[in-house]
Amino acid sequence: MKEQSGIGQMISDLKALDTKNMYLKDFFWTWDKTDDEIHAVFKVADILRAMREHNISSKVFDSGLGISVFRDNSTRTRFSFASACNLLGLAVQDLDEKKSQIAHGETVRETANMVSFMADVIGIRDDMYIGKGHAYQKTVADAVEEGYRDGVLEQRPTIVNLQCDVDHPTQCMADMMSVINYFGGEKNLKGKKVAMTWAYSPSYGKPLSVPQGVIGLFTRFGMDVVLAHPEGYDVMPECEQVALDNAKKYGGSFTKVNTMEEAFKDADIVYPKSWASFAVMQERTKIVETGDQKALADLEQRCLANNAKFKNWTCSEELMKTTKNGKALYLHCLPADITGVSCKEGEVDASVFNRYLTPLYKQASYKPYVIAAMIMLQRFKDPAKTLEALVKRNQQRVVL
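Residues numbered from 1 in each chain as written. Predicted model: local features only at pLDDT ≥ 70, side-chain atom pairs only at ≥ 80, totals over all residues. Heavy atoms only, no water.

A. Layout of the environment of Asp337. Residue position: Asp337 is located in the loop between β9 (329-330) and β10 (338-339). Placed 286 residues apart in sequence, Asp337 and Met51 show a C-alpha to C-alpha distance of 35 Å. Those residues in contact with Asp337 that sit more than four places away from it in its chain are Ser201, Pro202, Lys206, Ser342, Cys343, Gly346, Glu347 and Val348. Looking at Asp337, its side chain comes within polar contact range of the side chain of Lys206, at 2.5 Å. (Helix = DSSP H or I, 4+ residues; strand = E, 2+ residues; numbered from the N terminus. Contact = heavy atoms within 4.5 Å. Polar contact = N/O pair within 3.5 Å; in protein donor to acceptor, adjacent residues only side chain to side chain.)

Next comes the structure, spelled out in structure tokens:
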């Protein structure tokens, strides 16, 4: 079959990539992964998408759980994780901490083991507090590793970072897959200008993990990445260093500017997104630890007042005209703060947002496949052989 020959070529390409160190490991940050491992996620995601398009079942589990732990609200990532698990044959169980024994003093170590008896993967979103999100994910990983080593668990479930305080790898890799497809392949990305810019929002405390993830991943493709934000809205210096190191290694560039106009000028891709400053998020974490609600409310009002000084930081039609040929690709992780729609003044003009609805939805559509690819690469020692067997079996997903 013609469609199977195309999938077969992708599987052959996958065989050339070294993924052995992903087996039974966790996925925390993109910059912890080798080039082969990053490309393997993209390749497996493409294969799984092609299989679904051609009605070929990709169920590699006939039992098992995917545990989802969302310590912050989510729509796209929550459903993407559930879709990914279902695509591979896993049932999904959400850990609702309000309905668990955590309120009665159950430790993270205990909870992690109790929910993992027949789990293959645990997806965790914990992005709200600097110094806490990644630490929580690591604590869960260490707990299930210990449980497996001590014979409590027959298998050690692997962890997928569904967003932490440092990186949002499933989002940023979906973003990159969207960019790769939009520009017709990785070969066309070198030298493309990417404007990762802060934008005004009538709310405060939005995580830094998206801009940090974007500058940490896009600089691996020889692109010219520009980070723009008003004074005081810095991201983690460690993440800026990752971007600088990548730019040096892969032949692109990483620069910082303090105006949206400079970032947008001749840009091929724009990603206007609000976030709180690193310093503010650090202060917020300390206040939350004390339980001082008045101090937290005061911080919020201070931050909102400061945000309001930069209402001109918005993705307007005028700014879009200054991009490459006036037609830069607009990206957003969604939901966006849309001026005149979801708020009085926000990150993007409604006319801009509406013009890019289809590309935005396509951008989001890659995430279930990215997550499923991460799971496959972490759960199967020879993912290419596994996929090859599925294609050869050619079991229809839907009996027509």
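Resuming the write-up.
B. Seen up close, the sheet that holds strand β1 (residues 65-70). Reading across from one edge, β2-β1-β3-β4 is the order of the four strands in this open sheet, with parallel pairing throughout. For this open sheet the edge positions go to β2 (91-94) and β4 (158-164), each flanked by a neighbour on one side alone. On average, adjacent strands in this sheet sit at an angle of 20 degrees to one another, irrespective of strand direction. Direction of pairing for β1 relative to β2: parallel, over a ladder of four bridges. Paired with Gly66 across the strands is Val92, a residue of β2. (Pairing = 2+ DSSP bridges. Axes fitted to C-alpha atoms, helices over the stretch in contact; angles between N-to-C directions.)

C. Representation of the nonpolar core within the structure. In this structure, Leu48, Met176, Val179, Phe218, Met223 and Leu387 are the most contacted members of the largest nonpolar core, which totals 133 residues. Residue contributions to this core peak at 10 residues, all from helix α2 (residues 35-53). With residues up to four places along the chain from it excluded, the contact list for Phe218 reads Cys172, Asp175, Met176, Val179, Val194, Met223, Val225 and Leu331. (Core = buried A, V, L, I, M, F, W, Y, C linked by side-chain atoms within 4.5 Å. Buried < 20%, exposed > 50% of the residue type's maximum accessible area, 1.4 Å probe, protein only.)

D. Structural view of the sheet that holds strand β7 (residues 253-257). The strand order across the open sheet formed by five strands is β7-β6-β5-β8-β9, and the pairing between neighbours is parallel. At either margin of the open sheet sits one strand with a lone partner, and together these are β7 and β9. Where strand β8 (residues 269-272) meets β9, two bridges bridge the pair, whose relative direction is parallel. Among the inter-strand pairings, Val270 is bridged to a residue of β9, identified as Tyr330.

E. Structural detail: unusual backbone geometry. Cis geometry is found at the peptide bond from Leu334 to Pro335, where omega equals 0 degrees. Within the fold, Pro335 resides in the loop between β9 and β10. You will see that Asn55, though not glycine, has its phi angle at about 65 degrees, which is positive. In this structure, Asn55 sits in the loop between α2 and β1. Its identity as a non-glycine residue notwithstanding, Asn325 has a phi of 55 degrees, on the positive side. Residue Asn325 is classed as exposed on the basis of its relative accessible area of 68%.

F. Spotlight on the packing of helix α14 (residues 357-365) against helix α15 (residues 367-379). Closest axis-to-axis distance for the α14/α15 pair is 5 Å, and the angle between their directions is 15 degrees. Looking at the two axes, α14 sits roughly parallel to α15. Residues Gln363, Ala364 and Ser365 of α14 touch α15, and the partners they reach there are Lys367, Pro368 and Tyr369. Split into classes, the residues belonging to the contact of α14 with α15 amount to three nonpolar, two polar and one charged. (Parallel < 35°, antiparallel > 145°, perpendicular 65-115°, else oblique. Nonpolar A, V, L, I, M, F, W, Y, C, P; charged D, E, K, R; others polar.)

G. Here's a closer look at a nonpolar patch on the surface. Among the surface-exposed residues, Met114, Phe117, Met118 and Val152 lie close enough to one another that they form a single nonpolar patch of about 410 Å² accessible area. Mapped onto the elements, Val152 comes out in the loop between α5 (133-149) and β4. By relative accessible area, which is 39% here, Val152 ends up partly exposed. (Patch = residues over 30% accessible without salt bridge, like charges linked within 9 Å, V, L, I, M, F, W, Y side chains within 5 Å. Areas by Shrake-Rupley, 256 points an atom, 1.4 Å probe, with all protein chains shown as cover. Salt bridge = Lys/Arg side-chain N within 4 Å of Asp/Glu carboxyl O.)

H. Representation of the pairing of strand β6 (residues 224-228) in the model. Judged by how many residues are buried, β6 sits mostly within the fold: four of five residues are covered. Pairing between strand β5 (residues 193-197) and β6: five bridges, direction parallel. Bridge pairing in β6 places Thr197 opposite Ala228. Taking the sense of rotation as the criterion, the β-α-β connection linking β5, helix α7 (residues 209-218) and β6 turns out right-handed. Bridge count between β6 and β7: five bridges; the pairing is parallel. Directly across from Leu227, in β7, lies its bridge partner Lys256. A crossover links β6 with its parallel partner β7, the connecting element being helix α8 (residues 237-250), and its sense is right-handed. (Right-handed = clockwise from strand over helix to strand, strands pointing away.)

I. Quick peek at the packing of aromatic side chains. Tallying each qualifying case throughout the model produces 10 aromatic pairs. Where Tyr182 meets Phe183, the ring centres are 5.0 Å apart and the plane angle is 75 degrees; that geometry is what we call edge-to-face. Note on Tyr233 and Phe310: the rings are 5.8 Å apart at their centroids and 90 degrees apart in plane angle, and the pair reads as edge-to-face. One end of the pair, Tyr233, is in the loop between β6 and α8; the other, Phe310, is in the loop between α11 (293-307) and α12 (317-321), with 77 residues separating them in the sequence. Per residue, the accessibility class of Tyr233 equals that of Phe310, and both read buried. (Phe/Tyr/Trp six-rings, centres within 6.5 Å; stacked < 30°, edge-to-face > 60°.)

J. Spatial organisation of the pattern of salt bridges. Across all of its chains, the model carries 21 salt bridges by this definition. Here the salt bridges share partners, and the residues they tie into one network are Asp26, Glu145 and Arg156.

K. Just helix α16 (residues 383-393), in detail. Along α16, the residues that are buried comprise Pro383, Ala384, Thr386, Leu387, Leu390 and Val391. Down the axis of α16, the sector holding all buried residues measures 160 degrees, keeping them to one side. For α16, the exposed residues lying more than 90 degrees away from the buried face are Lys385 and Lys392. A positive backbone phi angle near 55 degrees is found at Asn394, which sits one or two residues after α16. (Arc of directions from axis to C-beta.)

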